[in-house]
Amino acid sequence: MELTLVIDPHSLEEIIEAHSFKDTLTNNYLLSKQYSNYIEEKKLWYSIKDANLYLFVGKEGFYRLYYHVNNSEVEHDFTNIEIVLEIIYRGESKKPIDHVNYWKKNGFKTHLTRDCYFLKKSEVTSKFENKEEFKIESVSSEEDIIFAKKLIDENLDIYTGDRLALHEIEHYSELGHLYCVYNKGIRCGILQAEFKNNIFWLGHIVVDENFRGLGLANELVNHYINEGIDLQAMQFQLWVINDNIPAVNLYQKKGFKYLNKSTLSMLKLN
């Protein structure tokens, strides 16, 4: 499939409008600002085939695909490039079967499903008490930042959830929203959060495999909620892989509930 580099936001808006109709199958939730950033960084390409528009965002080693499908009967050649796409939907009853069938026909396979959970501030009655044997601090040192980057790269899925680049980790550190947990002075795990529109998002949480089973994830989540209370966040939100039962159980224990929003990822690897 031949890809054309997008160089002008206005032209792109016209192309998208020309391929957007009531019955169009699409997963395109990108905002104009995101388009502009990708275009400026020369990371956005497009391809038009049989009334279908495909947008490709360049990632490290693969493309993230956004689409506007108007002809679901055709098959296209997506070989020679590795692609991930995500489809957002509202609950199991709205699972996008027609999208999934189209992409399976084009050689994609289902990867994983993530569910969105939320917790209202009003449902948090008091702050959590952290165990004294564990110390949790906002990350500030270069060593802690490198440790966080290493944990994220080695433990999180490369295709879904967007691994953080080093400059992004440094940014969250500067904001005070990157936390490291220590056990007897040893770095054991990290949690990254983001405060946006009065919502405190839990972005990434990873515990070193050598220290799992000690309750460190629980301590990190307690700290995250306490920090959100201090920020006067109105709500807490996070995405979790739906078959990661220990994580789901942990969040539910804290009072998090399913927001009736999920995202299904599909892959085309070569």
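Shown above is the structure to which this text applies.
This structure is a prediction, so every number in the text was calculated from the model and none was measured.

**Here's the deal with the state of the cysteines**
The tally for this structure, following the rule as stated, stands at 0 disulfides. Free of any disulfide, Cys188 has its nearest neighbouring cysteine sulfur in Cys180, separated by 7.6 Å. A relative accessible area of 0% means that Cys188 is categorised as buried.

**Description of the pattern of salt bridges**
Counted under the stated rule, the structure contains 9 salt bridges. Two residues, Glu41 and Lys43, come together in a salt bridge whose shortest N-O distance is 3.7 Å. Judged by relative accessible area, Glu41 falls into the partly exposed class, the value being 45%. With a relative accessible area of 35%, Lys43 lands in the partly exposed category. Across the salt bridge formed by Glu154 and Lys150, the nearest N and O atoms sit 3.0 Å from each other. Highlighted residues: Glu154 and Lys150, both in helix α4 (residues 142–155), separated by 4 residues, approximately one helical turn. In this structure Glu154 comes out as exposed when scored by relative accessible area, which is 52%. A relative accessible area of 48% means that Lys150 is categorised as partly exposed. Residues participating in the shared-partner salt-bridge network are Arg64, Glu86 and Arg114.

**Structural notes on the nonpolar core**
Counting 28 residues, the largest nonpolar core has Tyr224, Ile225, Phe236, Tyr251 and Phe256 as its most contacted members. Of all the secondary-structure elements, those providing two or more residues to this core are β7 (109–120), β8 (134–138), β9 (178–183), β10 (186–196), β11 (199–207), α6 (216–230), β12 (235–241) and α7 (245–253). The element contributing the most residues to this core is α6, with 5 residues. The residues contacting Tyr251, other than those within four sequence positions of it, are Leu202, Ile205, Val221, Leu238, Val240 and Phe256.

**Digging into the pairing of strand β3 (residues 44–49)**
Alignment of strand β1 (residues 4–5) against β3, held across 2 bridges, turns out to be antiparallel. Along β3, the bridge assignment pairs Thr4 with Tyr46. As judged from the 6 bridges shared by β3 and strand β4 (residues 52–58), these two strands associate in the antiparallel manner. Counted as the bridge partner of Tyr46 is Leu55 from β4. In sequence, β3 turns back onto β4 through a hairpin of 2 residues, with Asp50 there showing a positive phi of about 50 degrees.

**A short note on the packing of helix α1 (residues 9–18) against helix α2 (residues 32–40)**
Where α1 contacts α2, the axes come no closer than 10 Å and their chain directions differ by 125 degrees. The orientation of α1 relative to α2 falls into the category oblique. Regarding α1 and α2, the two cross each other, and that crossing is right-handed. Contacts between α1 and α2 involve Pro9, Leu12, Glu13 and Ile16 from the first element and Ser32, Tyr35, Ser36 and Ile39 from the second. The class makeup of the residues in the contact of α1 with α2 is 5 nonpolar, 2 polar and 1 charged.

**Overview of the environment of Ile186**
Summarising the element assignment, Ile186 is placed in strand β10. The partly exposed category is assigned to Ile186, whose relative accessible area is 43%. Spatially, the C-alpha atoms of Ile186 and Lys135 are 9.7 Å apart, while their sequence positions differ by 51 residues. For Ile186, the residues in contact, after removing those within four places along its chain, are Val181 and Phe211.

**Structural notes on the packing of aromatic side chains**
Summed over the entire model, instances satisfying the criterion amount to 16 aromatic pairs. With a centroid separation of 5.3 Å and 85 degrees between ring planes, the pair formed by Tyr54 and Phe78 is classed as edge-to-face. Here the residue Tyr54 occupies a position in strand β4, and Phe78 occupies one in the loop between β5 (63–69) and β6 (83–89), the gap between them amounting to 24 residues. A relative accessible area of 0% places Tyr54 in the buried class. A centroid spacing of 5.9 Å and a plane angle of 80 degrees characterise the contact between Phe56 and Tyr63, whose relative ring orientation is edge-to-face. For Phe56, a relative accessible area of 0% puts it in the buried group. A relative accessible area of 21% places Tyr63 in the partly exposed class. Site record: aromatic cluster; members linked through ring pairs are Tyr54, Tyr67, Phe78, Tyr102, Trp103 and Phe108. Lys135 extends its terminal NZ or CZ atom over the ring of Tyr182, reaching a point 5.5 Å from the ring centre. Sitting over the ring of Phe128, Lys254 keeps its end group 4.7 Å from the ring centre.

What counts as what
Residues numbered from 1 in each chain as written. Predicted model: local features only at pLDDT ≥ 70, side-chain atom pairs only at ≥ 80, totals over all residues. Heavy atoms only, no water. Disulfide = S-S within 2.5 Å. Buried < 20%, exposed > 50% of the residue type's maximum accessible area, 1.4 Å probe, protein only. Salt bridge = Lys/Arg side-chain N within 4 Å of Asp/Glu carboxyl O. Helix = DSSP H or I, 4+ residues; strand = E, 2+ residues; numbered from the N terminus. Core = buried A, V, L, I, M, F, W, Y, C linked by side-chain atoms within 4.5 Å. Contact = heavy atoms within 4.5 Å. Pairing = 2+ DSSP bridges. Axes fitted to C-alpha atoms, helices over the stretch in contact; angles between N-to-C directions. Parallel < 35°, antiparallel > 145°, perpendicular 65-115°, else oblique. Left-handed = near helix turned anticlockwise from the far one by under 90°. Nonpolar A, V, L, I, M, F, W, Y, C, P; charged D, E, K, R; others polar. Phe/Tyr/Trp six-rings, centres within 6.5 Å; stacked < 30°, edge-to-face > 60°. Lys NZ or Arg CZ within 6 Å of the ring centre and 35° of its normal.

So, to be careful, I would describe these as geometric facts and stop short of saying anything about function.
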